[in-house]
Amino acid sequence: MKKKLLWLCFVLFVTQSAQSQLNRYIIRFKHKGNSPFSISNPQAYLSAKAITRRTNYNISIDSTDLPVTPRFIDSIRNAGAVTILNVSKWLNSVTIRTTDAAALTKINSFPFVQSATAIAAKVHSVSADDLDTENEITSTQRSARTLADFFNYGFSSNQIKMHNGQFLHNIGLRGQNMVIGVLDGGFQNYLTVKSFDSARGNGQILGVYDFVLKDSSVNEDDAHGMQCFSIIAANIPGQFVGSAPKANFYLFRSEDVATEFPIEEHNWVCAAERLDSLGGDAISSSLGYSDGMTDPSFNHTYSEMNGNTTMAAIGADLAAKKGILVMNAAGNQGNESFKRLATPADGDSVLAVGAVNASGVPASFTSLGPTSDGQVKPDVASQGVGTTLQLANNNIGSGNGTSFATPNIVGLAVCLWQGFRESNNMKIIYALRASGSRASNPNDTIGYGIPDVKKAMFFLLKDFASSTATIANCKTTINFISKDLAGMNYEIERKLPGENSFSKVGQVAGSGNIFSNKSYVFTDSLINAQAGNIAYRIRQVIDTAIASFAADYIDTVNVTLSASCITTSIPGVAVNDNRLQLLPNPAFSFVTVRINTAQPIPQLQIKIFNGKGQQVATVQKNKAAGTVDFTVSMANLASGQYFVSVYNGSTIISTKVLLKL
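Residues numbered from 1 in each chain as written. Predicted model: local features only at pLDDT ≥ 70, side-chain atom pairs only at ≥ 80, totals over all residues. Heavy atoms only, no water.

S.K.: Looking at this model, I keep getting lost on the packing of aromatic side chains. Mind explaining?
M.R.: Aromatic ring pairs are described here by two measures, namely the spacing of the ring centres and the angle between the planes. Counting across every chain of the model gives 19 aromatic pairs. Pairing Phe 211 with Phe 252 gives two aromatic rings, centres 5.6 Å apart and planes at 90°, and the pair type is edge-to-face. With Phe 211 in the loop between β9 (205–210) and α8 (224–233) and Phe 252 in strand β12 (residues 248–253), the pair connects residues that are 41 residues apart, well separated along the chain. Among the aromatic residues, ring-to-ring pairing joins Phe 29, Phe 72, Phe 110 and Phe 112 into one connected group. Its end group placed over the ring of Tyr 553, Arg 537 keeps NZ or CZ at 4.2 Å from the ring centre. (Phe/Tyr/Trp six-rings, centres within 6.5 Å; stacked < 30°, edge-to-face > 60°. Helix = DSSP H or I, 4+ residues; strand = E, 2+ residues; numbered from the N terminus. Lys NZ or Arg CZ within 6 Å of the ring centre and 35° of its normal.)

S.K.: Please clarify how the state of the cysteines should be interpreted in this entry.
M.R.: What is meant by a disulfide is a covalent connection between two cysteines, made through their sulfur atoms. Within this structure, the stated rule accounts for 1 disulfide. Bridging Cys 474 to Cys 565, the disulfide has an S-S length of 2.0 Å. Of note, the bridge from Cys 474 to Cys 565 carries an S-S torsion of about -95° and is left-handed in sense. Pair noted here: Cys 474 is in the loop between β19 (466–472) and β20 (475–484) and Cys 565 is in the loop between β25 (551–561) and β26 (580–583), with a separation of 91 residues, a long-range link. (Disulfide = S-S within 2.5 Å.)

S.K.: Just to check I follow, could you spell out the sheet that holds strand β29 (residues 615–623) for this structure?
M.R.: The strands that make up a sheet pair up through hydrogen bonds in the backbone, lying either parallel or antiparallel. Pairing is antiparallel in the open sheet, where 4 strands are placed in the order β29-β28-β31-β32. The outermost strands of the open sheet, each flanked by one partner alone, are β29 and β32 (651–660). Within this sheet the neighbouring strands show an average axis-to-axis angle of 20°, counted without direction. Bridge analysis of strand β31 (residues 640–648) against β32 gives 9 bridges, and the strand direction is antiparallel. The partner of Phe 643 across the bridge, within β32, is Val 657. (Pairing = 2+ DSSP bridges. Axes fitted to C-alpha atoms, helices over the stretch in contact; angles between N-to-C directions.)

Dropping the structure here:
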């Protein structure tokens with residue numbers, strides 16, 4: 001969070017003279033009339049990726065997408081000694097710099113101008129040594145560590161693993177092809193520090209822009225944004241690995257760290273618009289605005305923290321409306337008089353992030369919720385105490401602040417979204433909230449708590465998975481769709497008429513080397529099942545190595561068996577033919593299954609069902625032509641009546657009744 005505390009003498013100077021130095025204004029327009037652009041031709045002002053995002057998520061292109069009418073801007077520019085700064089189509093406004101009173105009078109007279117309002121003093125140039133932020137930064141040259149996961153996280157291990165983030169990385173979700181916009185006050189030395197060697201070498205930094213100075217260089221500005229960027233993008237194996245090290249990035253400087261004026265909120269919105277137009281997926285913002293303005297007359301009040309009042313909140317919610325996943329630091333004012341979160345974290349479609357320490361204990365400085373209109377805020381929390389990050393001097397250090405908790409969550413959220421691109425941004429937010437450690441009892445400090453992305457995956461799997469079932473020839477055929485890769489599996493459970501609980505009837509293995517959409521077919525024999533409703537449920541196991549949130553039910557399906565499947569009534573099944581004999585019968589500890597077929601059966605299956613129709617044993621063999629005996633153990637089965645069925649693949653050959661003593 002970039003609420004700044006300048007040296008006292010500087011603060012006093014600015015406070016006493018700020019009003020006389022106001023030379024930047026926001027010009028708001030009444031409409032977008034006489035525009036050369038149209039909603040029907042978005043290619044003129046949106047990239048193909050931005051249009052695709054809208055198409056994929058059924059987002060309508062509307063008037064907020066239209067650029068500000070160019071002739072309005074030309075009229076402002078030509079009104080006198082005026083410099084155009086940034087233009088916002090979402091807010092239908094432009095910021096300017098001028099000291100020309102006549103020009104302002106002329107601008108106010110234009111029929112398309114709604115208002116012209118002072119918004120900031122001139123840009124000051126303040127070095128990093130003149131600032132004292134709320135973040136405590138520790139500079140240490142750290143040594144390597146080796147871990148067993150896909151990435152050797154080193155000192156960032158805890159901040160990744162407190163969310164089970166390593167699980168996403170281990171199954172291949174590392175941010176590939178996802179685009180994150182980092183909005184901050186500067187990215188000092190990002191072109192040279194070691195954390196970004198991979199990002200630079202692989203072309204993952206897609207572009208940069210400075211909305212404060214209106215140029216395309218952010219390397220010489222404040223280091224705060226670079227530190228936040230590193231928490232996502234770092235890739236130093238064994239020492240420091242970020243939460244989405246394979247993602248792509250835009251680095252936008254929207255914050256003037258020397259002062260705090262509302263113009264920076266306007267810059268923030270312009271940066272969000274730029275990311276949208278370029279087709280970006282997510283925003284990581286560690287900026288916020290509340291009562292700490294350089295000129296106190298611009299301070300926001302708690303009543304304004306309702307998600308609908310400030311420029312930043314309006315812009316953030318519009319970014320979310322365009323399909324962007326917006327995440328913002330809650331703020332670091334929990335120990336101060338204001339205490340409440342800062343905008344744009346108050347946006348109802350913004351995921352506001354609070355801070356906890358390495359053990360999950362809330363940080364005392366985390367800004368508190370709720371918003372003034374009663375929203376649960378912060379939404380979630382991540383490690384913001386002792387967070388591992390890159391320092392401008394090329395050392396790896398640590399820092400405190402919701403500023404650093406936010407990018408950690410952003411990276412993991414983007415990795416999660418990478419696996420579920422059919423889900424929109426708000427479903428990702430829902431999954432993160434629902435997976436939080438306080439999901440059932442959110443509070444005003446860390447909201448829904450610390451998300452577990454493995455648990456969040458199940459919310460998305462349940463939303464995605466589907467299944468259908470049909471019955472024919474006393475067999476249920478289940479077709480189901482989910483997402484997986486090799487090493488995951490599915491357990492199929494069934495509840496027959498008259499039963500009170502489900503029993504496992506089969507298992508299907510996941511497939512492939514990429515976590516992606518998969519379709520499967522499972523066939524279940526209904527031998528000896530009574531007529532009535534049959535329920536199935538599918539339990540997906542996503543992690544066979546670690547029990548924590550390793551499996552959950554992703555779908556259920558019901559079918560109706562119209563007629564009981566007793567052995568004498570199953571079509572095509574002979575109960576007393578000579579192809580199958582059971583010796584001895586009754587049996588005690590074993591039974592010899594004698595099978596006589598003229599042809600070999602390479603996929604022979606011997607299945608044993610109890611009196612309820614539940615499969616209790618199966619044997620798979622390769623049978624040659626002629627008569628072949630197979631010995632099947634009965635030692636672990638209780639006394640009673642069983643049915644022994646022989647299959648050629650999925651085709652049943654014969655069934656006989658067996659009595660177990």
